[in-house]
Amino acid sequence: MHSAPFRLVVTGGGTGGHTYPALTAVRTLEARLAVEGRALEVLWIGTADGLEARVAPAAGIAFTMVATGKIRRSKNPLKLASPANVRDMARVPLGVLQARRAIDGFRPDVVLATGGYVAVPAGLAARMCHRPLVLHEQTVRLGLANRKLASAAARICVSSDSTLGLLSESARAIAVVTGNPVRPEVLSGQADKAVQALGLWGFDRRLPTVYVTGGAQGSQQINELVGESVQWLLGRANVIHQCGPANEAGLRARAAGLPAELAARYHLAGFVSGELPDVLALADVVVSRSGAGTLAELTALGKPAVFVPLASSAGNEQVHNARHLEQSGAAVALTGEVTAAQLQTAVGPLLADAHLRRAMAERARAYGRPDAADRLVDEILAAVAGRPVTAGAGRRGEPSLPR
Ligand SMILES: CC(=O)N[C@H]1[C@@H](OP(=O)(O)OP(=O)(O)OC[C@H]2O[C@@H](n3ccc(=O)[nH]c3=O)[C@H](O)[C@@H]2O)O[C@H](CO)[C@@H](O)[C@@H]1O
């Protein structure tokens, strides 16, 4: 029985893709320590306007804000020297100072950084305070924040085997494939609870249900495609459409024009929060962006998916992710200029044929890593104990996401 609590600083956020793996790691570590009778104390270093500013306090985690600026990539020096860029870069040293003060005061055993702009000042401050820094990368290529922090890290935990080949020799020496943590509750949703919680009384349970999601902020492109196809979809399915908080009012006005019998089977939401696991359980087909977080969830659950990747995502990784799953029949990828007709051609067979859905679900599940959070916690504990990375750790010979 340990009397001293384990102290963790966690940093990362902006989007859901960086925020939820951090939250899942905290919860998993807490459960692991509880078995030994040891308490966990956590401080989350984030930004005021990132998703983490809502998620961490709602989870009862102490939260402190630091200044940070968007780090933009550009090969054009004029763009790099733009006023917005210069202003944002100037905020980073202020953020480092603030993060350093927070870390000095909290004295964590370890700092976990999961990417996003805020991870840069907090990660640099971790090194200044001589605290072990564990990085987690969700996407196949290291994000900008993790690239900046790699040389300061004790461990670089990655989500895909194919990331290892893309790392420098020194980064590979401290890299471990853990997978991308999926919130445990996401894996145990119940379809009936979604009906209760969202009041989906007009849904026809004899029809399949499509969950449309554009990621935490919603996707204009997916909203338009679904808007054009909504009557077609509702002719064959119930639809839950997560459209992004900023787009909700406009789409709600448009949905008011639907015939009543179709409107009863259409549910619009800006953001799906606590009900997400139950919504995923209810979904027979998912139409989605292919961000790393969503992909980890859908493969862990084994859900047939039609992906409409964000073409401008870093290194085009969403397109790579979607195409890679499509190659083995684990999803359908719609890339480039996608039309409503293409969406219908992709979704139609899945709505019509439950066998097809089951086959795709099985293939998707082969990519899932439901144990990723446990493996990340193993590495956090190993970093605190000063254990070196095991050579070849994490190579499991499973299907991996592409380069
Ligand atoms: C625009 C952008 O920068 N996208 C990147 C961002 O994705 P972004 O954060 O937008 O998307 P992800 O798919 O990674 O994660 C979204 C997360 O939010 C959750 N969710 C979403 C909607 C909702 O209503 N409720 C809800 O809980 C999803 O279940 C998921 O857990 O980070 C990912 C991981 O680094 C990258 O792969 C993406 O390319």
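Residues numbered from 1 in each chain as written. Predicted model: local features only at pLDDT ≥ 70, side-chain atom pairs only at ≥ 80, totals over all residues. Heavy atoms only, no water.

Trainee: Account for the sheet that holds strand 3 (residues 62-65), naming residues and giving values.
Mentor: Read from one edge of the open sheet, seven strands run 3-2-1-4-5-6-7, paired in parallel fashion. Of all strands in the sheet, those bounded by a partner on one side alone are strand 3 and strand 7 (175-177). Averaged over all pairs of adjacent strands, the angle between strand axes in this sheet comes to 25°, irrespective of strand direction. Sheet contacts for helix 4 (residues 83-106): strand 1 (6-11), strand 2 (40-46), strand 3 and strand 4 (110-113); angle to strand 2, the most-contacted strand, approximately 175°. (Pairing = 2+ DSSP bridges. Helix = DSSP H or I, 4+ residues; strand = E, 2+ residues; numbered from the N terminus. Axes fitted to C-alpha atoms, helices over the stretch in contact; angles between N-to-C directions. Contact = heavy atoms within 4.5 Å.)

Trainee: With reference to specific residues and values, describe the packing of aromatic side chains.
Mentor: Tallied over the full model, the rule gives zero aromatic pairs. The lysine or arginine in question, Arg183, covers the ring of Tyr20, its NZ or CZ lying 3.6 Å from the ring centre. (Phe/Tyr/Trp six-rings, centres within 6.5 Å; stacked < 30°, edge-to-face > 60°. Lys NZ or Arg CZ within 6 Å of the ring centre and 35° of its normal.)

Trainee: Can you explain helix 17 (residues 372-385)? Please cite residues and give values.
Mentor: Between the first and last C-alpha of helix 17 there are 20 Å, a value that for 14 residues agrees with the 20 Å anticipated at 1.5 Å per step. Among all positions of helix 17, only Ala372, Ala373, Leu376, Val377, Glu379, Ile380, Ala382 and Ala383 are buried. Next to the buried residues of helix 17 lie strand 1, helix 1 (16-35), strand 4, strand 5 (133-137), strand 6 (155-158) and strand 7. Of the residues flanking the end of helix 17, it is Gly386, one or two places downstream, whose phi is positive at about 75°. (Expected span 1.5 Å × (residues − 1). Buried < 20%, exposed > 50% of the residue type's maximum accessible area, 1.4 Å probe, protein only.)

Trainee: Quick rundown of the pairing of strand 9 (residues 238-242)? Include the residues and the values.
Mentor: Taken across its five residues, strand 9 has five buried, putting it largely inside the fold. Bridge analysis of strand 8 (residues 209-213) against strand 9 gives five bridges, and the strand direction is parallel. From the neighbouring strand, Thr209 faces strand 9, where its bridge partner is Asn238. Once you follow strand 8 into helix 9 (residues 220-234) and on to strand 9, the crossover reads as right-handed. In terms of strand pairing, strand 9 meets strand 10 (residues 266-269) through four bridges, oriented parallel. When the bridges of strand 10 are listed, Ile240 appears paired with His267. (Right-handed = clockwise from strand over helix to strand, strands pointing away.)

Trainee: Which residues make up the confidence of the model for the protein chain, and what are the values?
Mentor: Mean pLDDT over the protein chain stands at 92; residues scoring 70 or higher make up 93%. Scored below 50 in pLDDT, residues 394-398 makes 13 contacts in the model with residues more than four places away or belonging to other chains. (pLDDT = per-residue confidence, 0-100.)

Trainee: Kindly report on the environment of Ile156, identifying the contributing residues and their values.
Mentor: Residue placement: Ile156 occurs in strand 6. For Ile156, a relative accessible area of 0% translates into the label buried. Measuring from C-alpha to C-alpha, the distance between Ile156 and Pro108 comes to 18 Å, with 48 residues separating the pair along the chain.

Trainee: Just give me the short version of the domain arrangement of the protein chain, but keep the residues and values in it.
Mentor: Under the domain assignment used here, the protein chain contains domain 1 (6-182 + 370-385) and domain 2 (185-365). Put simply, the middle of domain 1 and the middle of domain 2, counted by C-alpha atoms, are 29 Å apart. Contacts between domain 1 and domain 2 engage 11 residues on the former and 14 residues on the latter. Between domain 1 and domain 2, the buried area comes to about 980 Å², and carbon and sulfur atoms account for 69% of it. At the surface where domain 1 touches domain 2, the tally comes to one residue pair in polar contact (both at pLDDT 80 or more). Its residues assigned to classes, the side of domain 1 that touches domain 2 shows four nonpolar, five polar and two charged. (Domains from an automatic or database assignment. Buried area = accessible area lost by both parts, 1.4 Å probe. Polar contact = N/O pair within 3.5 Å; in protein donor to acceptor, adjacent residues only side chain to side chain. Nonpolar A, V, L, I, M, F, W, Y, C, P; charged D, E, K, R; others polar.)

Trainee: Break down the pattern of salt bridges for me, citing the residues and quoting the values.
Mentor: Under the definition given, this model contains 11 salt bridges. Taking the shortest distance from any N to any O, the salt bridge between Arg32 and Asp374 comes out at 3.1 Å. Placement of Arg32 in helix 1 and of Asp374 in helix 17 is noted, with a sequence separation of 342 residues between them. Arg205 is the partner of Asp192 in a salt bridge, and the nearest nitrogen-oxygen pair spans 3.2 Å. One end of the pair, Asp192, is in helix 8 (residues 191-198); the other, Arg205, is in the loop between helix 8 and strand 8, with 13 residues separating them in the sequence. The network of salt bridges with common partners includes Arg32, Asp374 and Asp378. (Salt bridge = Lys/Arg side-chain N within 4 Å of Asp/Glu carboxyl O.)

Trainee: How would you sum up the side chain of Gln318? Please name residues and give values.
Mentor: Summarising the element assignment, Gln318 is placed in helix 14 (residues 317-327). Side-chain polar atoms of Gln318 contact the backbone nitrogen of Leu310, separated by 2.9 Å. Residues contacting Gln318, with those up to four places away along its chain left out, are Arg289, Ser290, Gly291, Pro309, Leu310 and Ser313.

Trainee: Requested: an account of the nonpolar core, with residues and values cited.
Mentor: If you look at the biggest cluster of nonpolar residues, it comprises 35 residues, and the most contacted ones within it are Val9, Ile45, Ile103, Leu133, Leu135 and Ile156. Elements with a minimum of two residues in this core: strand 2, helix 4, strand 4, helix 5 (119-128), strand 5, helix 6 (144-149), strand 6 and strand 7. By residue number, the principal contributor to this core is helix 4, which donates six residues. Within the second largest apolar cluster, 32 residues are counted, among which are Tyr211, Ile240, Ala269 and Tyr367. (Core = buried A, V, L, I, M, F, W, Y, C linked by side-chain atoms within 4.5 Å.)

Trainee: Provide a residue-level description of the packing of helix 15 (residues 340-352) against helix 16 (residues 354-365), including the pertinent values.
Mentor: At a minimum axis separation of 5 Å, helix 15 and helix 16 run at an interaxial angle of 105°. Comparing their axes, helix 16 and helix 15 come out roughly perpendicular. Where helix 15 approaches helix 16, its residues Pro349, Leu350, Leu351 and Ala352 are matched on the opposing element by Ala354, Leu356, Arg357 and Met360. Its residues placed into classes, the contact of helix 15 with helix 16 shows seven nonpolar, no polar and one charged. (Parallel < 35°, antiparallel > 145°, perpendicular 65-115°, else oblique.)

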